[in-house]
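Tertiary structure, described
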Amino acid sequence: MLIPHSSQPSPVKGEGELQPLEMPTTPLSLLNRVFGYPSFRGRQEDIIRHVMGGGSCLVLMPTGGGKSLCFQIPAMLRPGLGLVISPLIALMQDQVDALVQNGVAAAFYNSTLDGGQKNEIRRQAQQGKLDLLYVAPETLNSPGFRDFIEDLPLSLIAVDEAHCVSQWGHDFRPEYLQIAHLREHFSSAPLVALTATADPQTQKEIRDRLGLAQDPVFSSSFDRSNIRYQITVKDAGREQLLDFIRTHHPGQAGIVYVLSRTNTEETAAWLSQKGVPALPYHAGLDANLRRKHQARFLREEGLVMVATIAFGMGIDKPNVRFVAHLGIPKSVESYYQETGRAGRDGEPASAWMAYSLDDVVKLRRMIQGGEGEEAYKRLGGQKLNAMLGLCETVNCRRKSLLSYFGEDHPGNCGGCDNCLQPPKTWDATVAAQKALSCVYRTGQRFGAGHVIDVLMGKETEKGTQNGHDKLSLFGVGKELEKRQWDSVFRQLVGADYVEVDLEGYGTFKLNPKSWSVLKEGQKVWLREDPPLRKIEKGARKSKSTPRPLVVLEGQESTLFEALRSLRAKLAQEQNLPAYVVFHDSALREMVSRRPTTLKEFAQIPGVGETKLKRYGTAFLEVLRKA
Ligand code: ADP
Ligand code: ZN
């Protein structure tokens, strides 16, 4: 391993004269001294031992689980260059920046470099001065790159985001298919494929395509125990969102997913106007602006990104404190992946969502109206149903979420809304019978609005024209309010007791499950929606004192802010994101341990030898002043 001479950043990471440092020789001493962490997590140690011995494998670990060290450490300890294939250029740069900060000889090689920079990296690699080289998949195919690596000894090949090789997945990258050739050429280098996408079909595809069928799979629990899940019914959309941010995450970074492009811009403007700095992001924005927004989100503290699903893949920002959904994602996989962008640093984070029947209908229509085979659409419908099931469940959400991925969780997690405040349920069999009969009697030609009017006995033009005011069912549902009927229909759709016809205007159609309620008296239990929140007009402040999820008070918070601004200054000087200097968790440890000497400072998790040298004195100074 080599340590760069100066702390000056250079356009080519790992560039400059490198000076050999006495090399830690075991994975654990390297973890302690270079990365500053006391011990391995989960299966990291097993994986590293396997790869050190020359073995290939597939690593399944949730986001934030610590996949990177599984290949970084063996690449540093084994002879030769570690080649890392990573799909996103922005992500690559951050990873290399973070490594260089720790004194690791790492670089990236992609289309953003000019000829001179590429030559420099070639030179370093050929002289054996690089431990890790990150490349984009499209780079693999360029003849220049092939010639360059052809004769290099490789310590390993790491394939990050390995699910991009799956042709059926939504992140498919055709260039990933080239990796198989690469592997043939470097048959003695172990291949480590890593992903946070868990489903068995994708796993199998990765193993087949990357030639890992005979190699072990190391899988960890996919539980993100630091994420708190909350799913609620949308009544006042944005206001609810604002309330959530102000109460739990004031001044913190987060992502808000919405269903349409216009909505990203409107919501971002609205949040900013309410004092929550927010930026929009969607695929229709000018590429430059998109890049700028992404860079600001990564580098600044406390920005909220309001985005469509176009945003997120490869967002490596570890201190995203919340992911909010205004509208329902199209599958549990998407929900898990999107919410998984919160709390990569292991600190408490939230996944919050508000949804309505309208969203469900919109999504169903999108799935139905999209291109593709019937079977594909049917699959889309089933996936949405599973997502709705997760929304409407009265049981532990974590348990339901994990069981979707085939993992058994005992439930009662204490970290989801249903566990924290168990929802009330009610026997809705009679209400469901009335609702479904009304759908039937009105000819299965209407959506929720009209059917509810009939149930509630509301005189309308549509009702009179169709003679629905003469039906015996007219007004039989007066015992419930309109919003309760909305809830009944939303849940009946969610549990597939009635179908929404998507050709027209979201009209309801009965299905065999409906008839089991109507004819066989199948019991229906529904959850009681919480009472509507009263939202006053205009700007409003939450009455309860905002309580952020991670609380530091008084002096501690002043000290934390002082450390944070030192970090911001150091990061800015080097044009790096702040978290590359230190994570929030390291700052928090400094606040609670109050180190006074370099030796004590070195004990803070995340402080390795290089960071100790670079930053120790400056941080101790701030700590001493406090
Ligand atoms: P992934 O790629 O699986 O999403 P990363 O490799 O980015 O996760 O790791 C997530 C975070 O956990 C990083 O901030 C990393 O420094 C930290 N981390 C990884 N392994 C350890 C460990 N053994 N001890 C403490 N922190 C760790
Ligand atoms: Zn729970």
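All values reported here derive from a predicted model rather than from experimental measurement. Throughout this description, residue numbers start from 1 for each chain and increase along the sequence as written. Chain letters and ligand numbers both follow the written order, the letters beginning at A and the numbers at 1. Local features are withheld for residues below a pLDDT of 70 in this predicted model, meaning they are given only at 70 or higher, and side-chain atom pairs are given and counted only at 80 or more; totals for whole chains, interfaces and linings count all residues. Processing note: side-chain calculations cover all non-hydrogen atoms of the structure and skip hydrogens and water entirely.

So, about the coordination of the zinc ion (ligand 2). Within the protein, the zinc ion (ligand 2) binds to Cys396 (SG), Cys413 (SG), Cys416 (SG) and Cys419 (SG); these donor distances fall in the range 2.3 to 2.4 Å. Donor atoms (N, O, S) are those found within 2.8 Å of the metal centre, with the cutoff raised to 3.2 Å for Na, K and Ca; water is not part of the atom list, so apparent gaps in a site can occur. Irregular is the default label, applied whenever a site is not tetrahedral (four donors, all angles between 85 and 135 degrees) and neither square planar nor octahedral (four or six donors, opposite donors over 155 degrees apart, all other angles between 65 and 115). One can describe the site at the zinc ion (ligand 2) as tetrahedral: its four donor atoms subtend angles covering 99 to 121 degrees at the metal. Read in sequence order, the donor residues coordinating the zinc ion (ligand 2) give the pattern C-x16-C-x2-C-x2-C. With a gap of 23 residues between them, cysteine 396 in the loop between helix H15 (374–392) and helix H16 (397–404) and cysteine 419 in helix H17 (residues 417–420) connect regions that are remote in the sequence. Think of it this way: any DSSP run of H or I at least four residues long counts as a helix, any run of E at least two long counts as a strand, and we number them from the N terminus.

Note that the domain bounds were set by an automatic or database domain assignment. Taken domain by domain, the protein comprises domain 1 (12–219), domain 2 (227–420), domain 3 (425–527) and domain 4 (554–625). On a C-alpha basis, the centroid separation for the pair domain 1 and domain 2 is 29 Å. As used in this structure description, the phrase polar contact means that two N or O atoms lie within 3.5 Å; if the pair is within protein, one of them must be able to donate a hydrogen and the other to accept it, and residues adjacent in sequence are counted only when both atoms belong to side chains. At the boundary of domain 1 and domain 2, one finds zero residue pairs in polar contact (both at pLDDT 80 or more). Among the residues forming the side of domain 1 that touches domain 2, the class breakdown is eight nonpolar, six polar and two charged. Note on residue categories: nonpolar means Ala, Val, Leu, Ile, Met, Phe, Trp, Tyr, Cys or Pro, charged means Asp, Glu, Lys or Arg, and polar means any other residue, Gly included.

The subject of this paragraph is the pattern of salt bridges. Salt bridges are defined as contacts in which a side-chain nitrogen from Lys or Arg sits within 4 Å of a carboxyl oxygen from Asp or Glu. Enumeration over the complete set of coordinates arrives at 27 salt bridges. For arginine 564, the salt bridge identified is with glutamate 561, shortest N-O distance 3.4 Å. Pair noted here: arginine 564 and glutamate 561 are both in helix H23 (residues 554–573), with a separation of three residues, about one helical turn. A relative accessible area of 21% means that arginine 564 is categorised as partly exposed. Here glutamate 589 ties to arginine 593 by a salt bridge, and the two come within 2.8 Å at their closest N and O atoms. Separated by four residues within a single helix, glutamate 589 and arginine 593 lie in helix H25 (residues 584–593), roughly one turn from each other. Under the scheme applied here, a residue whose accessible area is under 20% of the maximum for its type counts as buried, over 50% as exposed, and between as partly exposed, the area being computed with a 1.4 Å probe on protein chains only.

Quick look at the site of ligand 1 now. Ligand 1 sits among 15 residues. The nearest are Tyr37, Gly64, Ser68, Arg344 and His583. A distance of 3.4 Å separates an oxygen atom of ligand 1 from a polar backbone atom of glycine 65. A distance of 2.5 Å separates an oxygen atom of ligand 1 from a polar side-chain atom of arginine 344. In isolation ligand 1 has 570 Å² of accessible area, and contact with the protein removes 84% of it. Classifying every residue of the shell around ligand 1 by side-chain character gives four nonpolar, eight polar and three charged. Throughout, the term near means that a residue has one or more heavy atoms lying within 4 Å of the molecule or strand in question. For the area figures, the Shrake-Rupley method with a 1.4 Å probe applies, and any residue is considered shielded solely by the protein chains shown.

Turning our attention to the packing of helix H1 (residues 27–35) against helix H3 (residues 67–77). Where helices are involved, their axes are fitted lines through C-alpha atoms of the stretch in contact, as for all axes, and angles between N-to-C directions lie from 0 to 180°. Close contact between H1 and H3 brings their axes to 10 Å; oriented N to C, the two are set at 105 degrees. Classified by the angle their axes make, H1 and H3 are roughly perpendicular. Residue-level inspection shows Pro27, Leu30, Leu31, Val34 and Phe35 of H1 in contact with H3, the latter providing Leu69, Gln72, Ile73, Met76 and Leu77. Along the lines of polarity and charge, the residues of the contact of H1 with H3 split into nine nonpolar, one polar and no charged. When describing relative orientation, an angle under 35 degrees is termed roughly parallel and one over 145 degrees roughly antiparallel, while 65 to 115 degrees is termed roughly perpendicular and anything else oblique. Contacts: residue pairs with any heavy atoms within 4.5 Å of one another.

Moving on, we get to the state of the cysteines. For the purposes of this analysis, a disulfide is any pair of cysteine sulfur atoms at a distance within 2.5 Å. Summed over all chains, the structure comprises zero disulfides. Here cysteine 70 is not cross-linked by a disulfide; its sulfur's nearest cysteine counterpart is in cysteine 57, at 7.9 Å.

Direction vectors running N to C along helix H18 (residues 429–441) and helix H19 (residues 448–455) enclose 110 degrees, while the axes themselves pass 10 Å from each other. Taken together, the axes of H18 and H19 lie roughly perpendicular to each other. As H18 runs across H19, the sense of the crossing is right-handed. Along its contact with H18, which presents Lys434, Ala435, Cys438 and Val439, the element H19 presents Val451, Val454 and Leu455. Rotating anticlockwise by less than a right angle from the far helix to the near helix defines a left-handed crossing, while the corresponding clockwise rotation defines a right-handed one.

With that out of the way, let us pick up the sheet that holds strand S3 (residues 57–60). A pair of strands is labelled paired if DSSP reports no fewer than 2 bridges between them. If you walk across this open sheet you meet the seven strands as S5-S6-S4-S7-S8-S3-S9, and the pairing is parallel. In this open sheet, the two edge strands, each paired with only one partner strand, are strand S5 (106–109) and strand S9 (217–219). Pairwise comparison of adjacent strand axes, ignoring direction, gives a mean angle of 20 degrees for this sheet. Where S5 meets strand S6 (residues 132–135), four bridges bridge the pair, whose relative direction is parallel. The partner of alanine 107 across the bridge, within S6, is leucine 133. Where helix H4 (residues 89–101) meets the sheet, its contacts fall on S5 and S6, and the angle it forms with S5 comes to roughly 160 degrees. Helix-sheet contacts for helix H9 (residues 200–209) involve S3, strand S8 (191–195) and S9, and the interaxial angle to S3 is about 155 degrees.

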